[in-house]
Amino acid sequence: MKKAMHRAMACIMVLMLMASMLAGCGKTKNNKAEVETAKVTAEAENKTEDEKEPAPSKEMTEVGTPRNETLIVECQSPTDTPGQFNSYMQGTTMGFGIHQLMSAMMWEIDTVKGEQFGEVADGMPESNADFTEHIVKIRKGIKWSDGEDLTADDVVFTFNMIMSNTGISQNAYYNQIFKSVGKVDDYTVKIVTKESFPRLAQRFGVTIWGNDLRIVPEHIYSKQQDVTQFKDSKPVVAGPYTVKAYDELGKWVLYERREDWKASTVGVVTGKEPKAKYVWFRNLGDDTSRQMSLINNEVDILCEVTPEMLEVMTAQNPNIACWYKNFPYATSDDPCSKGLLFSMGKGAPYDNKDFRWGIALAMNFDEISQNIFDGVGRASPFPIITNTSAAQELYVKPILSWLEAFKLDLGDGTSVKPFDSGYAERIAGVLRNKGYDIPTDQDALTDMFGVGCWKYDPQAAEKLLTKAGLEKKSDGWYFNGKPFTFNMTYLADSEAQAGRGTQAAYDQLTKFGFKINLVSESSATWDTNGATGQFDIAGYWPTGFITKDIYSQINGWDADLIVPIGERGSGQSGRWKNTKATEIIHELAKLSPDDPKAYELGIEFFKNAIEELPFIGFHSGVKFVPTNSTYWNNYPCADNPYNGPWWWWSCFKYITTEISPVQ
């Protein structure tokens, strides 16, 4: 009887949601996930108990590996370039396990301590007094997967390959920084920079997701006529896993642990063996397929889901868990705030700070927050500097009094204070009314929801937009005498937080009177348009750092790196041309990260970015990253935070030594 009732309720839920979707077809809020959630509930309820039981240990995967030896990890999107593993070739999908399992980084990051350590490098650089000459020791014992030693020759070759090849996107920046990179002996490299550069490890090592310097085997790449056209379909790697097979349609890559894993980067650095013999990165399809795959124990790790999806999955399978066991379930410390980036290289009005501030104050963040993840997440309205818990302590709270006093000139003799410190209390009240147990302690609320957001002030927004040269008429907004229409774009079928945020912003700005084209893009189009600046306002996330020193996060905002729209450059895609920011970046580059003045300059940069607002943040990175402990356990979580739940970062290879098979 109980099962029958569940099945009936699930079917009713599907019909109700479909009816709701049809009734609201003029709205842009995405109801697809809700419908798919109901479909998953119905499908799961219709399974027999036998079908829900864990598969026997002798079960084989679809790619012919023992299930209990195979860690299955979701990749958010299929790759458009199957069989392409060269990180220096345009279009390579690095997040398909390539940089997580195979790439060799000079320096990696301990995400808990926020401290770097040498991977290919044996320790940190040894620099002269003015930081223009740097000696880097190379870690002994690392071998490429074909048995060749990884030495200084590989490191020197990789640097010079980048510097001599204009087809590699990092080329311009590397030539701006480096005078020469040469070999001292087999395990020593000497790097000479054109100017004082004390942040060699921070800029050319991993500080969050990964780094664009990935050491390649000289004995392979030196034989290529053009490395930017070398697919490297059978890659020789320094990481602990090699490619065993891949799908010609781009839906999966199967990795196998090296037999000589002790000679891999992870083996030499830690002495620990990755527990899974195989790691299968695969794209699972739409949200319904993703949910059913996790419920049915067909995948162990998902990258990101919505709270509605999580609720359904945990109800159907007790082995599914998230970072927290209870509300808010998700971590809010992914260092990439989601929000809106302006393509300022396009000129007016996008390059006008009054226009950008007008857009910010035209949106009701309380409503945006509820439309993204029902209010879950720490508000992070700030440009460039994200609002992780560490950043909130290091950068946000120290300027709070300045932030509350900060004013915008509205152009008509009046001003407005744009910061709203009441958000946490308001959203806490909304969630309490929904039945959630929300703390009342102010510090706990600040940690959960942030210090505040930008004000919703339509009158001030209209004045700022008028100041920026726009004119509001009865049929909408005009610019230079013509109807003003712009595009808002977001990545399709993945990064739910960014996509929902862009859609919610579209709703707000349409309600304010703008005419907007809302467009979702495939990963290849999205990446290309982002790199070349071919967008108007888009849901990118140009933020992210987890260290006190912010140089590695902000150096790309150097105006000297800006290239015209349509070209790929070494700098930020928004093309924010700001003299003061550039001066701070150049000054920071000459200081040791331990110099107290470096932190002071970081605060100064932060204030300047707020005044200019090249990016409007919504929340810090809110990640519902569910795991399934049917076959594997000891995943990082709030109760066991030996790392973050960053399956898509290069540090994942160090997590593979901790994730253990269920006995």
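Computed from a predicted structure; not experimentally measured. (Residues numbered from 1 in each chain as written. Predicted model: local features only at pLDDT ≥ 70, side-chain atom pairs only at ≥ 80, totals over all residues. Heavy atoms only, no water.)

**Observations concerning the overall build of the protein**
Working step 1: When you go through the protein residue by residue, the secondary structure sums to 24 helices and 28 strands.
Working step 2: For 663 residues, the compact-globule estimate of 2.2 N^0.38 gives 26 Å, and the C-alpha radius of gyration of the protein, at 25 Å, lies within 12% of that figure.
Working step 3: In terms of its C-alpha atoms, the protein occupies a principal-axis envelope of roughly 70 × 70 × 45 Å.
Working step 4: Within the protein, counting contacts between residues at least 6 apart in sequence, those at least 24 apart form 73% of the total.
Working step 5: When the 67 basic and 87 acidic side-chain charges of the protein are each reduced to a single mean position, those positions are 1 Å apart. (Helix = DSSP H or I, 4+ residues; strand = E, 2+ residues; numbered from the N terminus. Rg over C-alpha atoms; globule rule 2.2 N^0.38 Å. Contact = heavy atoms within 4.5 Å. Lys, Arg positive; Asp, Glu negative; His and termini not counted. Charge placed at Lys NZ, Arg CZ, Asp CG, Glu CD.)

**Considerations on the sheet that holds strand β22 (residues 485-491)**
Working step 1: Taken in spatial order, the five strands line up as β23-β22-β24-β14-β25 in an open sheet, and their pairing is mixed. Unpaired on one side and paired on the other, β23 (515-521) and β25 (615-623) mark the two borders of the sheet.
Working step 2: As defined by bridge partners, strand β14 (residues 331-342) adjoins strand β24 (residues 537-538) across two bridges and the pair is classed as antiparallel. Bridge pairing in β24 links Phe342 to Ile537. (Pairing = 2+ DSSP bridges.)

**Concerning the sheet that holds strand β1 (residues 70-74)**
Working step 1: Taken in spatial order, the four strands of this open sheet run β1-β12-β11-β10, and their pairing is mixed. The strands lining the two open edges of the sheet, one partner per strand, are β1 and β10 (241-246). Across the sheet, the mean angle separating the axes of adjacent strands is 25 degrees when strand polarity is ignored.
Working step 2: Here β1 runs beside strand β12 (residues 278-282); their pairing, made up of five bridges, is parallel. Considered in β12, the bridge of Glu74 is made with Arg282. (Axes fitted to C-alpha atoms, helices over the stretch in contact; angles between N-to-C directions.)

**What to know about the packing of helix α22 (residues 579-589) against helix α23 (residues 596-612)**
Working step 1: Closest axis-to-axis distance for the α22/α23 pair is 10 Å, and the angle between their directions is 165 degrees. Here α22 lies roughly antiparallel to α23, going by the angle between them. Where α22 crosses over α23, the handedness of that crossing is left-handed. On α23, the residues that touch Lys580, Ala581, Ile584, Ile585, Glu587 and Leu588 of α22 are Lys597, Ala598, Leu601, Glu604, Phe605 and Asn608.
Working step 2: Residues that form the contact of α22 with α23 fall into these classes: seven nonpolar, one polar and four charged. (Parallel < 35°, antiparallel > 145°, perpendicular 65-115°, else oblique. Left-handed = near helix turned anticlockwise from the far one by under 90°. Nonpolar A, V, L, I, M, F, W, Y, C, P; charged D, E, K, R; others polar.)

**Notes on helix α17 (residues 442-449)**
Working step 1: Every buried residue of α17 is accounted for by Leu445, Thr446, Met448 and Phe449. Summarising the axial view, the buried residues of α17 lie within an arc of 170 degrees, below the 170-degree limit, and thus occupy one face.
Working step 2: Where α17 is buried, its residues touch α14 (389-396) and α16 (423-433).
Working step 3: The residue sitting at the N-terminus of α17 and contributing the capping side-chain oxygen is Asp441; that oxygen lies 3.2 Å from the backbone nitrogen of Asp443. (Buried < 20%, exposed > 50% of the residue type's maximum accessible area, 1.4 Å probe, protein only. Arc of directions from axis to C-beta. Polar contact = N/O pair within 3.5 Å; in protein donor to acceptor, adjacent residues only side chain to side chain.)

**Examining unusual backbone geometry**
Working step 1: With an omega of 10 degrees, the peptide bond between Phe327 and Pro328 qualifies as cis.
Working step 2: Tracing the chain through its elements places Pro328 in the loop between β13 (320-321) and β14.
Working step 3: Even without being glycine, Asp374 reaches a positive phi, approximately 55 degrees.
Working step 4: Counting through the fold element by element, Asp374 comes out in the loop between α13 (365-373) and α14.
Working step 5: For Asp374, a relative accessible area of 34% translates into the label partly exposed.

**Thoughts on the packing of aromatic side chains**
Working step 1: The full count for this structure, using the stated rule, is 47 aromatic pairs.
Working step 2: Relative to Trp454, the ring of Trp357 has its centre 4.8 Å away and its plane inclined at 70 degrees; by these criteria the two rings are edge-to-face. Remark: Trp454 occurs in strand β18 (residues 453-454) and Trp357 occurs in helix α12 (residues 353-361); sequence separation between them is 97 residues.
Working step 3: Centre to centre, the rings of Phe484 and Phe486 are 5.5 Å apart; their planes meet at 40 degrees, and the pair counts as tilted. Per residue, the accessibility class of Phe484 equals that of Phe486, and both read buried.
Working step 4: Of the aromatic side chains, those joined through ring pairs into one cluster are Phe342, Tyr350, Phe355, Trp477, Phe479, Phe484, Phe486, Phe512 and Phe514.
Working step 5: The ring of Tyr478 has Lys473 lying over it, and the distance from NZ or CZ to the ring centre is 4.2 Å. (Phe/Tyr/Trp six-rings, centres within 6.5 Å; stacked < 30°, edge-to-face > 60°. Lys NZ or Arg CZ within 6 Å of the ring centre and 35° of its normal.)

**Here's the deal with empty space enclosed by the protein**
Working step 1: According to the stated counting rule, one finds four cavities of 30 Å³ or more in the structure shown.
Working step 2: In this model, the largest cavity occupies a volume close to 160 Å³.
Working step 3: Considering the residues around the largest cavity, the lining is formed by 18 residues, among which Phe85, Ser103, Ile215, Val216 and Val237 are closest to the centre.
Working step 4: Broken down by secondary-structure element, the contributors of at least two residues to the lining of the largest cavity are α4 (98-102) and β9 (214-215).
Working step 5: Of the residues in the lining of the largest cavity, the class split is 14 nonpolar, two polar and two charged. (1 Å grid on protein atoms, 1.4 Å probe; cavity = no way out; pocket = protein on both sides within 12 Å on 5 of 7 lines; lining within 4 Å. Points joined across faces, edges and corners; volume = space filled by probe spheres on them.)

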